[in-house]
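Below are the chains, spelled out letter by letter.
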Amino acid sequence: MDTIMVLKFGGSSVADNEKLQLVAKRITKIYDKGNRVVVVLSAQGKTTDKLIKEANELSSNVTSRELDALLSCGEQMSTSKLSILLNYMGYPSISLTGWQAGIFTNDTNQNANIVKIDTTRILNELEKGKIVIVTGFQGIDKNFNITTLGRGGSDTTAVALAAALHAENCYIFSDVDGVYTADPNKIVDAKKIENLSYEEMMQLSSEGAKVLHNRCVEIGEKFKIPIITKSTFNEEKGTVISDNIEDNKVKSIIKKEVSRVSIIGNGIIRNFDLIEQIINFIRKKELELLNFEISETKISIVFKNIIDDENIKELHQIIF
Ligand code: ASP
Ligand code: MG
């Protein structure tokens, strides 16, 4: 049987009608190759921020139930718009909300966990040859209240759907084309990483990298779904997050807040040369430490004073 492809597009990829056209083209190209396609969308641009702001302007005591009812609308707008466009382009498609797509969660509003996905409706629609477009970030609890999965949660919807549908992998399209060895906005020679293990990606996320919703990586690992992050706007190769572990290769350096620096890579605990270089760097710069921890996949250093981007740049140069 042809494979099911799960494609997720982030908020900046669907920000306006023009961007929706580009997204539609990407989708139809994949559909035309004979794949069954499930699309997951975020809300358009800064819609979610705007809705939160507006709710707080109405009340100083917004209930979490109503906030989720409101926030879920953002994704309903982007998905229905895309479906309108695809239908107009001659492609059969249907938009489904979280509950229509069978996504059941616990009742923790604003930070709900997916507990079960009933894929019957999605599979029926795919069977009819439709492109199925599912709202990211939302589900329904056992009392049929709408829930949301936490900011950035559309990634988690996508990977959970990929797992439930036994898709081969899950594509996450956004305005960045992958995960980098350092923040590319700050470090000019930061390089794109081709492969990361789930564990490495979880370390990166928990150290502040805003590439993926952390829970989507946990689900990817649990169900062995490779997650491929790619740019919506070019054909560049992205970053693959999977079980595929390249031994003892240093992957990334990341700066959290201002004073905690972490270096990630499987087996880093045995990379004595690297550890020595890092210690030499700290000594040379006379940086005061609060903490220095090494684990199997991470060196985590907490500095007493604020570490500026110049220092991170130098450290990056030493390591890579
Ligand atoms: N729209 C939600 C947010 O802005 C979910 C997402 O984009 O993944 O957080
Ligand atoms: Mg996101």
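First things first, this report covers the structure right here in the doc. (Residues numbered from 1 in each chain as written. Chains lettered and ligands numbered in written order. Predicted model: local features only at pLDDT ≥ 70, side-chain atom pairs only at ≥ 80, totals over all residues. Heavy atoms only, no water.)

1. Regarding the site of ligand 1
Inference 1: Taken together, the residues surrounding ligand 1 are S42, A43, T48, E75, F137, R151, G152, G153 and S154.
Inference 2: Residue E75 places a side-chain N or O atom 2.6 Å away from a nitrogen atom belonging to ligand 1.
Inference 3: A distance of 3.0 Å separates an oxygen atom of ligand 1 from a polar atom in the side chain of S154.
Inference 4: Protein contact buries 86% of the 260 Å² of open area that ligand 1 shows by itself.
Inference 5: Applying the majority rule of atoms within 2 Å of the grid points places ligand 1 in the largest pocket.
Inference 6: For the shell around ligand 1, the residue count by class is two nonpolar, five polar and two charged. (Near = heavy atom within 4 Å. Polar contact = N/O pair within 3.5 Å; in protein donor to acceptor, adjacent residues only side chain to side chain. Areas by Shrake-Rupley, 256 points an atom, 1.4 Å probe, with all protein chains shown as cover. 1 Å grid on protein atoms, 1.4 Å probe; cavity = no way out; pocket = protein on both sides within 12 Å on 5 of 7 lines; lining within 4 Å. Sits in = over half its atoms within 2 Å of the grid points. Nonpolar A, V, L, I, M, F, W, Y, C, P; charged D, E, K, R; others polar.)

2. Considerations on the side chain of S42
Inference 1: Following the sequence through the fold, S42 ends up in the loop between strand 2 (36–41) and helix 2 (47–58).
Inference 2: With a relative accessible area of 11%, S42 lands in the buried category.
Inference 3: Beyond its immediate chain neighbours, meaning those up to four positions away, S42 contacts K8, F9, G10, G11, V14, E75, S78 and S154. (Helix = DSSP H or I, 4+ residues; strand = E, 2+ residues; numbered from the N terminus. Buried < 20%, exposed > 50% of the residue type's maximum accessible area, 1.4 Å probe, protein only. Contact = heavy atoms within 4.5 Å.)

3. Observations concerning the packing of helix 8 (residues 272–285) against helix 9 (residues 309–319)
Inference 1: Closest axis-to-axis distance for the helix 8/helix 9 pair is 10 Å, and the angle between their directions is 150°. When the interaxial angle is binned, helix 8 and helix 9 end up roughly antiparallel. In this structure, the crossing between helix 8 and helix 9 has a hand that is right-handed. Touching L274, Q277, I278, F281, K284 and K285 of helix 8 are N311, E314, L315, I318 and I319, all from helix 9.
Inference 2: Counted by class, the contact of helix 8 with helix 9 contains six nonpolar, two polar and three charged residues. (Axes fitted to C-alpha atoms, helices over the stretch in contact; angles between N-to-C directions. Parallel < 35°, antiparallel > 145°, perpendicular 65-115°, else oblique. Left-handed = near helix turned anticlockwise from the far one by under 90°.)

4. Some points on the pairing of strand 6 (residues 131–135)
Inference 1: Counted residue by residue, strand 6 has five buried out of five residues, so it is predominantly covered.
Inference 2: The two faces of strand 6 match: I131, I133 and T135 on one face and V132 and V134 on the other face are all buried.
Inference 3: The sheet contact formed by strand 2 and strand 6 spans four bridges and is parallel. Counted as the bridge partner of V39 is I133 from strand 6. (Pairing = 2+ DSSP bridges.)

5. Section: the layout of surface pockets
Inference 1: Of the voids in this model, the largest pocket is the one considered here, and its volume is about 1500 Å³.
Inference 2: Together, 49 residues line the largest pocket, and V176, A209, K210, V211 and L212 are the ones closest to its centre.
Inference 3: Elements that contribute at least two residues to the lining of the largest pocket include exactly helix 2, helix 5 (154–164), strand 9 (170–174), strand 13 (252–256) and helix 9.
Inference 4: Considering every element that reaches the lining of the largest pocket, the biggest residue donor is strand 13, with five residues.
Inference 5: Taken together, the residues that form the lining of the largest pocket break down as 17 nonpolar, 17 polar and 15 charged. (Points joined across faces, edges and corners; volume = space filled by probe spheres on them.)

6. Quick look at the nonpolar core
Inference 1: Core analysis: the largest hydrophobic core is formed by 40 residues, its most contacted members being V6, V38, I122, V134 and L161.
Inference 2: The element that contributes the greatest number of residues to this core is helix 5, accounting for six residues.
Inference 3: With residues near it in sequence (within four places) discarded, I122 still touches V38, L96, A101, V132, V134, L161 and L165. (Core = buried A, V, L, I, M, F, W, Y, C linked by side-chain atoms within 4.5 Å.)

7. Section: helix 6 (residues 198–206)
Along an α-helix, a turn takes 3.6 residues, which lines up residues three or four apart on a common side.
Inference 1: Of all nine residues in helix 6, seven are buried, a share of seventy percent or more.
Inference 2: When we look at burial in helix 6, the residues that qualify are Y198, E200, M201, M202, Q203, L204 and S205.

8. Some details on the pairing of strand 1 (residues 4–9)
Inference 1: Counting buried residues in strand 1 gives six out of six residues, a clear majority hidden from the surface.
Inference 2: Residues I4, V6 and K8 point to one face of strand 1 and M5, L7 and F9 to the other, with burial holding for every one of them.
Inference 3: Here strand 1 runs beside strand 2; their pairing, made up of six bridges, is parallel. Pairing of I4 across the sheet is with R36, part of strand 2.
Inference 4: This β-α-β element, strand 1 to helix 1 (residues 17–32) to strand 2, shows right-handed connectivity.
Inference 5: Relative to strand 9, strand 1 runs parallel, the two sharing four bridges. Counted as the bridge partner of L7 is Y171 from strand 9. (Right-handed = clockwise from strand over helix to strand, strands pointing away.)

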